[in-house]
Amino acid sequence: MTQVRIGGQTIPCSGILFDKDGTLLDFMQMWGSWAEKLIALLDNDLTELGAEPIREQSERLGLIIDPTRGIIGYDKTGPIAMGTEEEVTALLAWKLYAVGIPWNEATMQVRRHNKRAMQELTKQKNTVPLPGLPEFLQACHEAGMKLAVVTSDTTREAEKHLDWMGLRRYFSSVVGRDRVRKGKPDPEMAQLAIKEIGLLPQQCIVIGDSNGDMVMGRLAAASYMIGIAEDGTGESYLLDADAIIRSYSELSVLSAQ
């Protein structure tokens with residue numbers, strides 16, 4: 001069995017399950033522009049209705065706004081970071097419903113705006129892998145380790161984003177929320193990925209940027225959970241992680257002897 005070294009510790013493992021957004025790719029580089037477009041469209045609707053714009057309620061969505069009203073960050077424990085598309089749609093539709101738009105019309109309006117925002121995202125292809133990730137994946141590949149992605153995004157979108165980064169070839173399983181009945185932190189997603197890469201739970205570790213990833217891995221009986229937090233604040237929310245790193249440069253792969 002191969003090993004992953006973190007600090008002075010070595011963890012035996014034959015496979016790794018990765019979250020996608022914020023774990024494989026830079027969250028704000030990709031989803032920041034999407035959020036800017038979507039919120040701008042909704043704020044225009046709300047302004048026309050004489051209602052308070054969403055930017056004035058940003059903390060309720062887990063968005064961090066700078067003094068110029070630009071989106072510069074997000075709450076790692078919030079809905080934008082952890083919610084599914086359906087959950088975020090419902091959250092935003094509520095803002096329209098609260099000012100008098102019927103629920104069915106509100107949800108349809110949010111979906112139309114989201115489609116426009118996603119079209120803009122596709123044009124830009126702002127998918128940037130986290131520092132050190134390509135090198136770490138290559139080391140895993142050379143050591144014969146089996147890799148999977150488990151994400152709250154859809155499988156099709158996840159595979160597309162991996163293609164944009166040129167990393168799809170490293171992963172023998174991609175499990176999106178559309179392939180399971182229950183999303184994170186339920187273990188179903190991890191269990192399916194572990195089955196597809198042909199390993200046992202105790203042979204796998206999980207790497208993610210949310211505590212939902214850590215809980216999912218623990219419930220699936222994975223052997224070790226690694227949280228990643230580039231800003232060094234992970235101890236405040238990655239409560240179920242066995243270890244927390246800021247960069248993939250802190251990990252190395254040791255081949256089986």
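Scroll up a little and you will see the structure.
Residues numbered from 1 in each chain as written. Predicted model: local features only at pLDDT ≥ 70, side-chain atom pairs only at ≥ 80, totals over all residues. Heavy atoms only, no water.

A. Broad picture of the overall build of the protein. Counting its secondary structure elements, the protein contains 8 helices and 11 strands. Taking 18 Å as the expected radius of gyration for a compact globule of 257 residues, we find that the protein reaches 19 Å, a close match to that expectation. Projecting the C-alpha coordinates of the protein onto the three principal axes gives extents of approximately 70 × 35 × 35 Å. A separation threshold of at least 6 residues defines the contact pool for the protein, and within that pool the share at least 24 residues apart is 61%. Across the protein, 27 positive and 35 negative side-chain charges occur, with their mean positions spaced 5 Å apart. (Helix = DSSP H or I, 4+ residues; strand = E, 2+ residues; numbered from the N terminus. Rg over C-alpha atoms; globule rule 2.2 N^0.38 Å. Contact = heavy atoms within 4.5 Å. Lys, Arg positive; Asp, Glu negative; His and termini not counted. Charge placed at Lys NZ, Arg CZ, Asp CG, Glu CD.)

B. Main features of the state of the cysteines. Within the structure shown, the criterion is met by 0 disulfides. Left without a disulfide partner, C140 is nearest to the cysteine sulfur of C13, which lies 7.4 Å away. For C140, a relative accessible area of 0% puts it in the buried group. With no disulfide partner, C204 has as its closest neighbouring cysteine sulfur the one in C13, 7.8 Å distant. (Disulfide = S-S within 2.5 Å. Buried < 20%, exposed > 50% of the residue type's maximum accessible area, 1.4 Å probe, protein only.)

C. Just the sheet that holds strand β1 (residues 3–6), in detail. One open sheet accounts for 3 strands, arranged β2-β1-β11; its pairing is antiparallel. In this open sheet, the two edge strands, each paired with only one partner strand, are β2 (9–12) and β11 (251–254). In this sheet, adjacent strand axes meet at a mean angle of 30° when their direction is disregarded. Judged from the 4 bridges that link them, β1 and β2 form a sheet pairing that is antiparallel. (Pairing = 2+ DSSP bridges. Axes fitted to C-alpha atoms, helices over the stretch in contact; angles between N-to-C directions.)

D. View of a nonpolar patch on the surface. On the surface, W94, Y97 and W103 cluster together to form a nonpolar patch covering roughly 350 Å² of accessible area. With respect to the secondary-structure elements, Y97 resides in helix α3 (residues 85–97). (Patch = residues over 30% accessible without salt bridge, like charges linked within 9 Å, V, L, I, M, F, W, Y side chains within 5 Å. Areas by Shrake-Rupley, 256 points an atom, 1.4 Å probe, with all protein chains shown as cover. Salt bridge = Lys/Arg side-chain N within 4 Å of Asp/Glu carboxyl O.)

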